[in-house]
Every structure is written in C-alpha cells, then in structure tokens.
2 protein chains.
Amino acid sequence: MVEHAPGSPARFRFDTADPVLAGAAWSRLAEPGDVVAGALVAALGAGEALAWVAGAAARPGEASAELARLEPGARVARTLAGEMVTGETVTVHDRHAGGSPGAGRSAAPGTGTHSPARALMAGVRRWASRLEGLAPRQDLEALERLDGTLLLPGDAGWPGGLDALGPAAPHALWVRGRGDLAGLSRRAVALVGSRASTSYGERVARDLASGLAARGFTVVSGGAHGIDAEAHRAALAVDGSTLVLLASGVDRLYPSGNRRLMETAMSGGAVVAEVPPGSTPFRQRFLARNRIIAALGSATVVVEAAMRSGALSTANHATRLLRPVGAVPGPVTSMASAGCHELLRSGAAVCVTDAAEAAELAGGATDAAPARHGEHRPGDGLDPSAKAVLDALPVRRGAPVESVARVAGLAVDETRAKLGRLLLAGLAEKEGGAWRRGSR
Amino acid sequence: MVEHAPGSPARFRFDTADPVLAGAAWSRLAEPGDVVAGALVAALGAGEALAWVAGAAARPGEASAELARLEPGARVARTLAGEMVTGETVTVHDRHAGGSPGAGRSAAPGTGTHSPARALMAGVRRWASRLEGLAPRQDLEALERLDGTLLLPGDAGWPGGLDALGPAAPHALWVRGRGDLAGLSRRAVALVGSRASTSYGERVARDLASGLAARGFTVVSGGAHGIDAEAHRAALAVDGSTLVLLASGVDRLYPSGNRRLMETAMSGGAVVAEVPPGSTPFRQRFLARNRIIAALGSATVVVEAAMRSGALSTANHATRLLRPVGAVPGPVTSMASAGCHELLRSGAAVCVTDAAEAAELAGGATDAAPARHGEHRPGDGLDPSAKAVLDALPVRRGAPVESVARVAGLAVDETRAKLGRLLLAGLAEKEGGAWRRGSR
C-alpha cells in the first residue's frame, strides 16, 4: 500500500532501498519481459527506479520534460536504444506476440516506442495502475509459507543463462524446491511440445527426457499437459532434476492436474515463476514465460507442436538467444508434428531423433551423438572391383574366370586376383576351374 | 561376333560407323557409369572409339605407348582430367560404391586411375572381355520385338537432364513405351524409397505421387517393390505419366511381381534401361541406375529409407548433380525413416511433408507451396495491447476499466481505447461501468 495525495509522489510502505523488496516489487509492477522496465532498473537500480516511477506517475509532465534532457532519461535511453537497434520491439506484448517462429521477428514495434523517452513514459502509464497495490513484503511472506526462495540477479543461485535476455530478463525468480537454479541449469535442455500430444509424441518425450537426465541434463519445461508433463515425469523418474517454469505464481500450480507432478519436482528440482504468488496465468504470460524456458536450456528441443503451438514461441526465443533448436519429426499425416516439420523446413531447427542427438545439440564435444550405421553385409570391407566380382559370381553352378570377368565388366587378370581374395575371405569357392559364391 | 587372329585388331561384324549400332554396342561393352568409356566416346565418337579399343586390346603395348604422346590419348586425357579434378573417381564401381550419402563423395579413387592413360588402358582390359560377344544388331532386333525404341544422345527424345552426368551419362537408352523421354522428363520428380516400406510410407508415397501427377509432373522411380511401386501406381492412376528405370534389360521386367505395373506404365509413360536386352541386374547396376533416376528428376524426394537403402544413393547422386533433395520425415521410432532423418540432420535434404512442397522443390516459382497457418483464433487481428486487454477481460462478472488496466498491465487511457475497439468487434461487452468478454 502507498499513501499519497494526487500530484505528490507515492510514498511506499516499504524500504525501496532494500534490493529484495525492490526486486520483488518490480516483478509485480511490470509484466514479464517488459524491456522498458528492464532498462530502467538496469540504469537506476530497482530501488531508485521505483522511486522515479512513483514521481513520474505523480507529475508526468515534468518527468517527460526532464527525460528529454536529463538523467535518468539519458541513461535509460542508452540501454533502450541498444534494444531498439537490435530491431526488437520494446513492449512485452510485441516481443511475445504470436506463437509462430516468424512472429517475434516480424512483430511491428509498439506505437511510439521508438523514442526512448516516449517508451519510458508509456511504461510509467502502464505501471502506474499497479503502484498502489504494491506489497512485496506480503508476497515474500506468502513465498515463505510455501518454503520458497526469492532469487535476484547476482545471487549465487541465479541462473546465468538468463543474462542473455538483457533487459527482458526477469526482475526476480520465485522458486519452490532447490534454490540452486545456477547449478540445475548449468547442464540443461528445454524440452517442450503441445498440450494436444499424441501417444507417439509422449513416448518420444519420455525417451528423450530420461535419456537426457541419464546424461546429467536437467529437463526444463512448462509443466503443461501433454509433452511438458511427460518430459518432467520421465526426468523425475531418473534423478528428479527437472525445472517447471510457471506462467502463474508458484502458489498456483497450474494446470491443477499436474499439481502432484510439480510437488514431486520440488524435491530434486524446482518450480519457478517470475511473477509473485497470487498472479494468474494469461496467454501473454505463457508466451513471456517461454523466453525463460529457452534461456535456461543450452538448447531447446520441440517434440510435438501443431502450427500455432506455444512450443514454437519457445523455439523462436531460443533462436533469438542464438541457442540451438531441435525438432523431433513425426508422421506427416499427424497435425501434432506440423509445427516441428515447419521448423525443419525453415532451417530453424535441426532434426533430432533420440536423446543422444538432443544431448549433442545442448552439450559439449563429449556429448557428440554416435554416427549411425546400417547392418553389416557380406563384402562390406571389399574394394569396389572385388564387390563387382562378388556380385558377378554365380550362386549354384560355377563359372570360369573369363565369364565372371565378362559379367563383372572387369579385366580377366584383375578378376582372377579379386577371386583369390574372395576365396581367402570365404566369399568365393573354386571347384576345378569353376568359381561360385562361398557358403558364408 | 568378331573374327580376329590374336595380335590383330578385332574386325567387327557390324558397321561401327553406324551411330545407332555403335551406341548400342557401347551400352553393352561398358558397365553403366564407366566414365572412362564416356570420356573415350566423347573424345572419338562411339564408332572410332570402338575401333580404337579393338586395336588397343589386340596390341596393348603399342596402344599404351601411343597414349603417352599421341591422340587420342591426349583428347581423352583432357576429358578424364576434368573428371579427376572434380575429385570424383573414374570407375563405375568407385563412383557408385556404398549406399550412404557420404560414400560417393568419400570413395577412394580406383587404383591407378589418376593417370588418364593408365585409366584408359585399365578400361581397355575391362572392355576386352566383352568385345567378342558384341552383337548390337541382335540387341536391336530384340528391342524391336518388344516394340521398343533406342534413344541416343542428341536424339529429339533424349532427356536433356542426363547431360549433367557428363562422361557418366548412358551411351544409349533402351525404351519401351513413350519414346519422348525429353517431353516426359521436362517436368519430373524422382520419388524413391525403401523396398522394405511401411504402410505409412506407402500411403505418403501415393499421396505425393498423385499430387505431383495432378500438378503435371512425371514421377520417376526404380520400379522396385515398396515405395517405388506405390509411387508409380499412384501416378498411373492420375495420368499415367511415369518413368520406370530398370537395372536390367527392358526384356526383363524385374521384380516380376511388378511386371503388370510396368506394362501399364508403357502406355502413358515408359520403362527404360541403359543396358541392352538380356542384361541381368546386379547390385552395382542398381546403384548405377540410381544416377539416371536422379538426373531425370528436377528434384529427388526420398519417402522412406533405412540407413543403407539404395534410395540414399539416389539422393546422393541428386546432390552431386546440384539438384534439390527432399526427405519425408516419419516416426523416429521407425527404422524405415532413419535414412530420411539422417538426410535432414546432415542438411542434405529439405523436409517435405506433402505434394505441394515436393512440387515447390522441383518446379518453378509457380509451384511455390502455400504457407501454412494454424486455425484462426478470436483476437488474431488485434494489436498486442488490445490482445492483452482481451486476455485481461473477466468472462463472467464485469470489471471497471481501472482493474482491467491493472490486470493487463496497461495504462488506463490506453485500456479504455482498446476496450472501445473490442466492443465494436463484439469481443467485449459493457454493462454499466463493468466490462467483460463478448459473447462471440
């Protein structure tokens, strides 16, 4: 709660200088992935940023005027300008619009967001409606009641992979289970897919997840029905090291059908949210949450995805983070694999058919998948001419060297030499002057 | 038959100056894809080349001595040297060793073949054993009895696609059915796959073939059991324009189980061999035959292929001819698709899931496959902020603008504006001051 008279800056009922309270506050104030908030906090620090927003909300006129010429506008502008140079848009909604791989890249910038100052004032208007409700201490108490931990950037347990998100990185992580996300995500693969999965996809998800867990990888996913749940479950069965990323608060284990699964994940792994307890999941938050799943994995593998599956947005985020993406093919007659096939067609993803190949995608040189070979066949080791002679050898009644040579299309002397070798290898037999295939 | 005393050059019982007889003779003399023979014929013409081989076979010493300093050695050397520069090897057996995509490229050059003169004399020794049996007139009579046609390079009906094979191009084509292979292959796709096919692969092969035929493409394949047969059959059902490439003579419709299928193909399409009637199929000839299938198609699409399927050698030939290759994915649990998945993993093939995508691979701009979209969803057309407001709208009891703004994480004024738009779109309803989701 804040008390303030209109026109006077909000006076917070908590110490904004306390980094834990300030970080927790920002995770409620701004929608996930709001890069304007990220840039502001990066420039001023969470506490000072809060105070500035309260002031700007109270006197927007002065604030925007000040922004044009003064700090902190200039500092924020530098960060934001960097963002805009990348061609990315600077509101969470633009960043995470659509589920298709192309959508993120092609999304039009939010209106007016191309001027840092205007982007910042638009941010202030977005955040203002939540200033009054800010109560980070209560949110932290709710987390404590759940035996949870709050992680802030820079904490020992903070997963370094999230830094790649820049100003779109979360302000804080609300964690239930093992708090050492840094350790859990050091060797991790994001394994995602459709809720509307087929038994084929679920089987493959289980095979990949258990194979990855057996290789010491943490399986990161969204805890949804279908592929996500199968991936978590199979990883739990091996060593329990799996990360469930929620779009809601960690007090709301959504979907409720996977509640027990998530509670199990809290022992060996963790259930994680970037929004405070009490937050409800919306479509935009699911899409924003996917960027964290992609950032926590060294690679993202999509098992089954229809054309508009959210799993494709996770793949899209991984691509923008320059992390390798894998797609598991399936029957072309299955709509549940259509999204994976699009990823393969567009070249956005590598074809992944087993855990070894998924590990290769995510891991170091030691994780290279073994080369595939077909079954061994008689004569495999032979040089081409010897193969031709072997092909030309009659199976039943033997033939003289000359006719074998004619059939093989080789010189007589060369044929004779090759026949000698085939004889030693047991691939040819000689009876009088007649040659035929060997018994083995 | 030829009559000759040892040491004296063979005197042929046919007019080597007759290009038809000479071409037919070479198609029996040299194994398919023998680039040394191809280079020799390219340099001297089929007739002169025959005469020279007869002489060289009779007096190998003189011939190889002459080759070192004189024509035709120099001329052949130039052609062969060009071949060797490409890093390809110059005996049919090397060129077509192995079935795996890599094998062709990585095959070691045949011994001694890096000197054009030695390659040529090795060729003479190969061909010598068949000189005596040469009887092109009889082979042509056998073809006539089958109502067949002989095509030679340069003939109106000769398929131009084969020129890309260079000295590995066939010396002649023995055709039963429509003789206009040029017309039949002007718009053609090679559709190949395993004999050990699954019902899934067979269904996809039929869908692709009928879809391609409906788009005016000729379906080229090897007439084998499994995928090949399904592809031919489906194309026949549409307009009958399919090409069956045999590894044996056209008098031997192998495998016999597909005899009727091939006879049907002769009406709207053709059954084609590069070896004369009476020739039997060997593994090497199957592999050599695959280069023609690849060269006749503007693209090659592999439907189902195990790790060592011959279909992979066809894909490999297409790659070397710089023709696009497509691979149809399947369940990763199906070994019958493992070869296709390897093609996708290595980047040698594009993922193909339907006839439109296969046509796009093979055809011109007009054949571009339609972009894929998922099903339409309410609010698809909206800008991101409007989407956020839509997400934030309560379904049952309405809420004031301020709370909608807070939930959406947007400014109140912007939220009010978006609500207005949603109202017009019927996506929001207003009751008093309370907003909720629209009925539609």
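Only a predicted model underlies this, so the values are computations on that prediction, with no experimental measurement involved.

Draft legend 1. Broad picture of the environment of Ala295(A). Residue and element names in this part refer to chain A. Looking at the element boundaries, Ala295 is found in helix α14 (residues 283-296). Judged by its relative accessible area of 0%, Ala295 falls in the buried class. The spatial distance from the C-alpha of Ala295 to the C-alpha of Asp163 is 8.3 Å, given a sequence separation of 132 residues. Contacts of Ala295, omitting those with residues within four sequence positions, involve Gly161, Leu162, Leu165, Leu321 and Arg323.

Draft legend 2. Here's a closer look at helix α14 (residues 283-296) of chain B. Residue and element names in this part refer to chain B. Relative to the 20 Å expected for 14 residues at 1.5 Å per residue, α14 spans 20 Å between its end C-alpha atoms, a close match to the ideal helical length. Across the 14 residues that make up α14, a large majority, twelve, are buried. For α14, the complete set of buried residues consists of Gln284, Arg285, Leu287, Ala288, Arg289, Asn290, Arg291, Ile292, Ile293, Ala294, Ala295 and Leu296.

Draft legend 3. Representation of the confidence of the model for chain A within the structure. Residues and elements named next belong to chain A. Averaged over all residues, the pLDDT of chain A equals 87, while 86% of them reach at least 70. In the predicted structure, residues 84-113 sits below a pLDDT of 50 and forms 77 contacts with residues beyond four places in sequence or in another chain. Reported for the predicted complex are a pTM of 0.82 and an ipTM of 0.80.

Draft legend 4. The sheet that holds strand β6 (residues 218-221) of chain A, seen in detail. Residues and elements named next belong to chain A. With respect to topology, nine strands assemble into an open sheet ordered β3-β4-β8-β7-β6-β5-β9-β10-β11, the strand pairing being mixed. Each having just a single partner strand, β3 (149-151) and β11 (350-351) make up the two edges of the open sheet. Pairing geometry for β3 and strand β4 (residues 173-177), over three bridges, is antiparallel. Note that in β4 the partner of Thr149 across the bridge is Val175. Across the sheet, helix α15 (residues 310-320) lies against β5 (188-192), β9 (299-302) and β10 (325-327), angled at about 155° from β9, the strand it touches most. Against the sheet, helix α16 (residues 338-346) makes contact with β9, β10 and β11, and its axis sits at roughly 125° relative to β10, the strand it touches most.

Draft legend 5. Structural detail: the packing of aromatic side chains. Residues and elements named next belong to chain A. Applying the stated criterion to the full structure yields six aromatic pairs over all chains. Pairing Trp26 with Trp127 gives two aromatic rings, centres 5.4 Å apart and planes at 85°, and the pair type is edge-to-face. Of this pair, Trp26 sits in helix α1 (residues 19-29) while Trp127 sits in helix α8 (residues 116-131), and the two are 101 residues apart along the sequence. On the basis of relative accessibility, which here comes to 0%, the residue Trp26 falls in the buried class. Looking at Trp127, the relative accessible area reads 1%, which means it is buried.

Draft legend 6. α16(A), seen in detail. Looking at α16(A), one finds that the buried residues are Ala338(A), Gly339(A), Cys340(A), His341(A), Leu343(A) and Leu344(A). Positive phi appears at Gly347(A), one or two residues downstream of α16(A), with a value of about 80°.

Draft legend 7. Quick peek at the side chain of Ser279(A). All names here are of chain A. With respect to the element layout, Ser279 can be found in the loop between β8 (270-273) and α14. Residue classification places Ser279 among the buried positions, given a relative accessible area of 6%. Ignoring sequence-local partners within four residues, the contact set of Ser279 consists of Arg28, Ser248, Gly249, Arg252 and Arg285.

Draft legend 8. Highlighting the environment of Gly278(B). Residues and elements named next belong to chain B. On the secondary structure map, Gly278 appears in the loop between β8 (270-273) and α14. In this structure Gly278 comes out as partly exposed when scored by relative accessible area, which is 31%. The sequence separation of Gly278 and Pro370 amounts to 92 residues, and the corresponding C-alpha distance is 47 Å. Residues contacting Gly278, with those up to four places away along its chain left out, are Gly249, Asp251 and Arg252.

Draft legend 9. Expanded view of the relation of the copies chain B and chain A. Screw-axis analysis of chain B against chain A gives a translation of 0.0 Å along the axis, an RMSD of 0.1 Å, and a rotation angle of 180°. Look at the turn and shift together and you get a two-fold axis relating the two. Closest to the rotation axis within chain B is the C-alpha of Gly330(B), separated from it by 2.4 Å. Mapped onto chain A, 96% of the interface residues of chain B again fall at the interface, so both copies present the same surface.

Draft legend 10. Structural context of the UniProt feature "domain: Smf/DprA SLOG" (unreviewed entry) in chain A. Those residues carrying the UniProt feature "domain: Smf/DprA SLOG" (unreviewed entry) are residues 150-359 of chain A in this numbering. A helix fraction of 39% and a strand fraction of 16% characterise residues 150-359 of chain A, whose end C-alpha atoms lie 30 Å from each other.

Draft legend 11. Seen up close, the nonpolar core. If you look at the biggest cluster of nonpolar residues, it comprises 76 residues, and the most contacted ones within it are Leu181(A), Leu243(A), Leu181(B) and Leu243(B). Counting 50 residues, the second largest nonpolar core, distinct from the first, contains Ala46(B), Leu67(B), Leu131(B) and Leu150(B).

Draft legend 12. A look at the side chain of Thr314(B). Relative to the assigned elements, Thr314(B) resides in helix α15 (residues 310-320). Contacts of Thr314(B), omitting those with residues within four sequence positions, involve Val192(B), Asn290(B), Ile293(B), Ala294(B) and Thr300(B).

Draft legend 13. Local environment of the sheet that holds β8(B). Residue and element names in this part refer to chain B. Overall, mixed pairing links the nine strands, which are arranged β3-β4-β8-β7-β6-β5-β9-β10-β11 in an open sheet. Bordering the open sheet on either side are β3 (149-151) and β11 (350-351), each of which pairs with just one other strand. Here strand β5 (residues 188-192) runs beside strand β9 (residues 299-302); their pairing, made up of four bridges, is parallel. The partner of Ala190 across the bridge, within β9, is Thr300. Here helix α13 (residues 259-268) sits on the sheet and contacts β4 (173-177), β7 (242-245) and β8; the angle it forms with β8, its principal contact strand, is near 105°.

Draft legend 14. Inspection of the pairing of β6(A) at higher detail. Residue and element names in this part refer to chain A. Both faces of β6 are covered, namely the face carrying Thr218 and Val220 and the face carrying Val219 and Ser221. The sheet contact formed by β5 and β6 spans three bridges and is parallel. Bridge pairing in β6 links Ala190 to Val220. Considered for its hand, the β-α-β crossover made up of β5, helix α11 (residues 199-214) and β6 is right-handed. Across three bridges, the pairing between β6 and strand β7 (residues 242-245) is parallel. In the sheet register, Val220 faces β7, and the bridge partner there is Leu243. Where the polypeptide runs from β6 across helix α12 (residues 227-238) and back to β7, its parallel neighbour, the crossover connection is right-handed.

Draft legend 15. Geometry of the pattern of salt bridges. Under the definition given, this model contains 35 salt bridges over all chains. Asp383(B) serves as the salt-bridge partner of Arg421(B), at 2.8 Å between the closest nitrogen and oxygen. Of this pair, Arg421(B) sits in helix α20 (residues 412-424) while Asp383(B) sits in the loop between α17 (355-362) and α18 (384-392), and the two are 38 residues apart along the sequence. Residues participating in the shared-partner salt-bridge network are Glu342(A), Arg345(A), Glu357(B) and Glu360(B).

Draft legend 16. Looking closely at the interface of chain B and chain A. Listed as interface residues are 53 residues of chain B and, on the opposing side, 51 residues of chain A. Carbon and sulfur atoms make up 58% of the area that chain B and chain A hide from each other, which totals about 4700 Å². Among the residues of chain B in contact with chain A, Arg308(B), Val332(B) and Arg345(B) are the three that bury the most area, contributing 16% of the side total. Run the count over chain B and chain A and you get four salt bridges. Counting across the chain B and chain A interface gives 14 residue pairs in polar contact (both at pLDDT 80 or more). The element best represented in the side of chain B that touches chain A is α18(B), accounting for five residues. Across the side of chain B that touches chain A, the residue classes break down as 20 nonpolar, twelve polar and 21 charged.

Basis of the calculations
Residues numbered from 1 in each chain as written. Chains lettered and ligands numbered in written order. Predicted model: local features only at pLDDT ≥ 70, side-chain atom pairs only at ≥ 80, totals over all residues. Heavy atoms only, no water. Helix = DSSP H or I, 4+ residues; strand = E, 2+ residues; numbered from the N terminus. Buried < 20%, exposed > 50% of the residue type's maximum accessible area, 1.4 Å probe, protein only. Contact = heavy atoms within 4.5 Å. Expected span 1.5 Å × (residues − 1). pLDDT = per-residue confidence, 0-100. Pairing = 2+ DSSP bridges. Axes fitted to C-alpha atoms, helices over the stretch in contact; angles between N-to-C directions. Phe/Tyr/Trp six-rings, centres within 6.5 Å; stacked < 30°, edge-to-face > 60°. Least-squares fit on C-alpha atoms with pLDDT ≥ 70 in both. UniProt positions renumbered as here; feature names shortened; annotations may be inferred. Core = buried A, V, L, I, M, F, W, Y, C linked by side-chain atoms within 4.5 Å. Right-handed = clockwise from strand over helix to strand, strands pointing away. Salt bridge = Lys/Arg side-chain N within 4 Å of Asp/Glu carboxyl O. Buried area = accessible area lost by both parts, 1.4 Å probe. Polar contact = N/O pair within 3.5 Å; in protein donor to acceptor, adjacent residues only side chain to side chain. Nonpolar A, V, L, I, M, F, W, Y, C, P; charged D, E, K, R; others polar.

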